[in-house]
Amino acid sequence: MRTELQGIKIHFAETMSGYASLGGSSFTDGFEEGRKANLPLAIHVNVDVDDLAVFLTSSEHGARLTGYIEGPLVGGQAKVESGHFMLMPNTADLNRKIMNYRVYCVNEQGDRFTLAGQKEVQHHFGFDLWHDTTTLYTNLFVGHITPDQAPKADLLATGILSLGVVDFAKVLRTVRATDAQGKTSLSGLAAFGEFFAGSLWQIYGPSLPPRPYEAPRIYARFTTEGVRGAGITEHPFSTGDGFGLNLTRFHRAPCNDVVLIIHGLTTSSDMFIMPEHENLVQYLLNNGYTDVFTLDHRGSNRFPYNLIRGHANLDDLALFDHPAAIATLRQIIGRNKRLHVIAHCVGALTFGMSLAAGQVGSIQSAILNSIALTANVPPYSKLKLGLGPIACDYILGVEYVNPRWRHQPGWSPAKLLAMGVDWFHHECDSSECHMLSFMWGAGKPALFLHQNMAQETHNRLGDLFGGISVNYYRHVLKMVNTNHDPVKFEPGNPRYAALPDNYFTNIANVMTPILLTTGQENGVFADSNIICHQRLEKIVPGRHQLHVYPSYGHQDVFMGKNVAQDTFPRMLDFLRIHSNA
């Protein structure tokens, strides 16, 4: 600690304004809808660092916030009762920092609000420093909501606030550094400026990618040690088109409400039984759902089906995998028990398709995460969906895309591609993490927020994710390009005659209540489930629900280190509403 900086205070004032809209949605949608509805929102705060020496040496680099927020959503003005600011705290990301704002406010009528905002300081393309340091992605909650409570809380409004050029000039004019006697401290100003500029240089300055690191394996691949106090049995079955798949049963006691959990592409049932934190299967067993199954469908990395240049598309899972799995499960548990489904990613999309097509029979309830029956992706992802299959089939000559390519022995086009991907990803030292961002979505990383992941999980991404045939990309792209509709890949193919050309055709007849969940910072399927819920509300108002998890992405909703506290309780509440003891 620099003793000469002890007791020096830093002060500056900041005003950011923009728009927000009611209800949980993506930040961009919230801003646009708020602008159309004329719902401005602004924050006026004073930032005070009480001791510069402590500020510089602490990991969170925290300060106090005072002031007020204003806008029609808070009934005019709401005074800040207490507030906290973190200026680029230390994080797990090597080239990403945040500026975090959280203020607890009350208006003249006594209504309480929490404004939680975050600036994402991460270099992507071009000169984005100005945008990153002046754009506040904002959530507004009713009541005083702590960070631990936020993922479970319902959002009042979402939007974007920003700092204009004039406002930024005003910030600079208000910066003060004073010593214990209240006199200006030039050394304090210099030290604060050095910290701020140095932090930005770490992000935006030129640098080489870190050397890829392969951590030693702590947990066995395909381990079940993450589930305790249950009998574990395997139930292999075959699909109508000749694929051998598997159900795994975790049975603690007889239960009238049985839960089936379905993974997405490149992963497997392992994402639900992770030993490094309380996983979904263990959570359900501990909360009264004592008969749980996981499905490994043809997209699972436990099988070799993804490692060939196949022609499978999403309709194959909807027509063959899910119906066969449900039929097998019914043979095991009987016809009279209530069956609930929790599904993720492409597993959720294809199960939703199968449900909409009437292929899986009676389902008591379904929770579909990230995507259900509409497909929307970031612009960069759309570009990759179009170019990826062509590049793999006709340029690179590879049969699948693999997150472990960098660790292959020898040289190959695939390994060279992985090395090239590493040059554009400096956020961590995991080549597998970089490749997964390249394979799916947009962001650094794309699949999750680094701060949500346990280090043990990040170290074994190469075990938890596998290779994937890119033909599935073609079907996702077709859905994106067809007004986000869940359309059949080959409408004229008699193989899929039992399926509708558009899976929304008979959605009004689906009586199964669905909870659509998504991370607010979903870098893979963006606001797909928000769009889906909007469409379902127009067709069958009130039948289905939507929940958006603040500060979560795509994969970390199930694989994050704190999911048992942050995301699972909302799912459990939905299950209990639709269960009968």
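Everything numeric in this text was worked out from a predicted model, so none of it was measured.

**Topic: the overall build of the protein**
Link 1 in the chain: Helix and strand counts for the protein come out as 18 helices and 17 strands.
Link 2 in the chain: A compact globule built from 581 residues would reach a C-alpha radius of gyration of about 25 Å, and the protein, at 25 Å, matches this within 12%.
Link 3 in the chain: Overall, the C-alpha framework of the protein stretches about 80 × 60 × 45 Å when taken along its three principal axes.
Link 4 in the chain: A sequence separation of at least 24 residues applies to 72% of the contacts in the protein between residues at least 6 apart.
Link 5 in the chain: Of the roughly 22,900 Å² of accessible surface on the protein, a fraction of 55% belongs to carbon and sulfur atoms.

**Comments concerning the packing of helix α7 (residues 314–333) against helix α8 (residues 345–356)**
Link 1 in the chain: Interhelical geometry of α7 versus α8 gives an angle of 80° and a closest axis separation of 8 Å. In this view, α7 runs roughly perpendicular relative to α8, as classed from their interaxial angle. Mapping the contact onto sequence places L314, D315, L317, A318, H322, P323 and I326 in α7 and V346, G347, L349, T350, F351, M353 and S354 in α8.
Link 2 in the chain: The residue makeup of the contact of α7 with α8, split by class, is nine nonpolar, four polar and one charged.

**Re the nonpolar core**
Link 1 in the chain: Of all hydrophobic cores here, the largest spans 113 residues; its most connected members are L260, I342 and F351.
Link 2 in the chain: With ten residues, the top contributor of residues to this core is α7.
Link 3 in the chain: Leaving out residues up to four positions away in the same chain, F351 has contacts with I262, H322, I326, V341, V360, I363, A366 and L368.
Link 4 in the chain: Listed in part, the 43 residues of the second largest apolar core include L39, L41, V74 and L156.

**What about unusual backbone geometry?**
Link 1 in the chain: In this model, K444 is joined to P445 through a cis peptide bond whose omega is 0°.
Link 2 in the chain: Examined against the element boundaries, P445 turns out to sit in the loop between α11 (431–439) and α12 (455–459).
Link 3 in the chain: One non-glycine residue with positive phi stands out, namely H484, at about 65°.
Link 4 in the chain: Within the secondary structure layout, H484 lies in the loop between α14 (471–481) and β16 (514–519).
Link 5 in the chain: Within the chain, S551 stands out as a residue other than glycine whose phi angle is a positive 65°.
Link 6 in the chain: Position of S551 relative to the elements: it lies in the loop between β17 (545–549) and α16 (556–559).

**A look at the side chain of S370**
Link 1 in the chain: By the element assignment, S370 lies in the loop between β15 (365–369) and α9 (379–396).
Link 2 in the chain: Since its relative accessible area comes to 0%, S370 is described here as buried.
Link 3 in the chain: Separated by 2.7 Å, the side chains of S370 and H554 make a polar contact.
Link 4 in the chain: Once you skip the residues sitting within four places of it in the chain, S370 turns out to touch C345, T517, T518, N522, F525, S528, N529 and H554.

**With respect to a nonpolar patch on the surface**
Link 1 in the chain: There is a patch of nonpolar side chains on the surface, built from Y380, L383 and L387 and spanning about 300 Å² of accessible area.
Link 2 in the chain: Checked against the element boundaries, L387 lands in helix α9.

**Observations concerning the sheet that holds β17**
Link 1 in the chain: Here we have eight strands laid out as an open sheet, ordered β10-β11-β13-β12-β14-β15-β16-β17, and mixed in their pairing. Unpaired on one side and paired on the other, β10 (231–238) and β17 mark the two borders of the sheet. Averaged over neighbouring strand pairs, the angle between their axes works out to 20° when direction is ignored.
Link 2 in the chain: Pairing of strand β12 (residues 257–262) with strand β13 (residues 291–296), which is carried by four bridges, proceeds in the parallel orientation. Note on β13: the bridge partner recorded for V259 is V292.
Link 3 in the chain: α8 rests against β12, β14 (338–344), β15 and β16 of the sheet, and its axis sits at about 135° to β14.

**Topic: α7**
The α-helix advances 3.6 residues per turn, and as a result positions three or four apart in sequence lie on the same side.
Link 1 in the chain: Between its first and last C-alpha atoms α7 spans 27 Å; for 20 residues at 1.5 Å apiece the expected length is 28 Å, and the two agree.
Link 2 in the chain: Largest kink in α7: about 25°, centred on D321, with the proline P323 one to four residues after it.
Link 3 in the chain: For α7, the tally of buried residues reaches 17 of 20 residues, placing the bulk of the element in the interior.
Link 4 in the chain: If you check the start of α7, you find a side-chain oxygen 2.8 Å away from the backbone N of D315, and it comes from N313.
Link 5 in the chain: Remark: G334 follows α7 within two positions and exhibits a positive phi of approximately 95°.

**What about the side chain of T374?**
Link 1 in the chain: With respect to the secondary-structure elements, T374 resides in the loop between β15 and α9.
Link 2 in the chain: On the basis of relative accessible area, T374 is assigned to the buried category, the value being 1%.
Link 3 in the chain: Only 2.6 Å separates the side chain of T374 from the backbone oxygen of S528, close enough to count as a polar contact.
Link 4 in the chain: For T374, the side chain forms a polar contact with the main-chain nitrogen of C532, separated by 3.3 Å.
Link 5 in the chain: Once residues lying within four places of it in the same chain are set aside, the contact partners of T374 are H484, F504, S528, I531, C532 and R535.

**A word on the environment of V259**
Link 1 in the chain: For V259, the position within the fold is in strand β12.
Link 2 in the chain: Judged by relative accessible area, V259 falls into the buried class, the value being 0%.
Link 3 in the chain: Residues within four places of V259 in sequence aside, it is in contact with L284, Y289, D291, V292, F293, H340, I342 and L575.

**Observations regarding the pattern of salt bridges**
Link 1 in the chain: By the definition in use, this model includes 19 salt bridges.
Link 2 in the chain: Where R221 meets D463, a salt bridge forms, and the shortest distance between an N and an O atom there is 4.0 Å. Taken as a pair, R221 in the loop between α5 (186–204) and β10 and D463 in helix α13 (residues 461–464) lie far apart in primary sequence, 242 residues in all.
Link 3 in the chain: Overall, D463 belongs to the buried group, its relative accessible area being 9%.

**Observations concerning the pairing of strand β4 (residues 76–87)**
Link 1 in the chain: In this structure, strand β3 (residues 62–71) lies alongside β4, joined through seven bridges in antiparallel fashion. Its bridge partner lying in β4, Y68 is registered against K79.
Link 2 in the chain: Hairpin geometry of β3 and β4 is characterised by an intervening segment of four residues between the two adjacent antiparallel strands and by a positive phi of about 70° at G75.
Link 3 in the chain: As paired elements, β4 and strand β5 (residues 96–107) share nine bridges and run antiparallel to each other. Paired with A78 across the two strands is N107, which belongs to β5.

**Looking at the state of the cysteines**
Link 1 in the chain: On inspection of all chains with the given rule, the structure shows zero disulfides.
Link 2 in the chain: Counting only cysteine sulfurs, C428 is the nearest neighbor of C433, a cysteine outside any disulfide, at a range of 3.8 Å.
Link 3 in the chain: Considering cysteine sulfurs only, C345 is the nearest to C532, which forms no disulfide, with 15 Å between them.
Link 4 in the chain: In this structure C532 comes out as buried when scored by relative accessible area, which is 0%.

Thresholds applied
- Residues numbered from 1 in each chain as written.
- Predicted model: local features only at pLDDT ≥ 70, side-chain atom pairs only at ≥ 80, totals over all residues.
- Heavy atoms only, no water.
- Helix = DSSP H or I, 4+ residues; strand = E, 2+ residues; numbered from the N terminus.
- Rg over C-alpha atoms; globule rule 2.2 N^0.38 Å.
- Contact = heavy atoms within 4.5 Å.
- Areas by Shrake-Rupley, 256 points an atom, 1.4 Å probe, with all protein chains shown as cover.
- Axes fitted to C-alpha atoms, helices over the stretch in contact; angles between N-to-C directions.
- Parallel < 35°, antiparallel > 145°, perpendicular 65-115°, else oblique.
- Nonpolar A, V, L, I, M, F, W, Y, C, P; charged D, E, K, R; others polar.
- Core = buried A, V, L, I, M, F, W, Y, C linked by side-chain atoms within 4.5 Å.
- Buried < 20%, exposed > 50% of the residue type's maximum accessible area, 1.4 Å probe, protein only.
- Polar contact = N/O pair within 3.5 Å; in protein donor to acceptor, adjacent residues only side chain to side chain.
- Patch = residues over 30% accessible without salt bridge, like charges linked within 9 Å, V, L, I, M, F, W, Y side chains within 5 Å.
- Salt bridge = Lys/Arg side-chain N within 4 Å of Asp/Glu carboxyl O.
- Pairing = 2+ DSSP bridges.
- Expected span 1.5 Å × (residues − 1).
- Bend = angle between axes of the 7 residues up to and from the residue.
- Disulfide = S-S within 2.5 Å.

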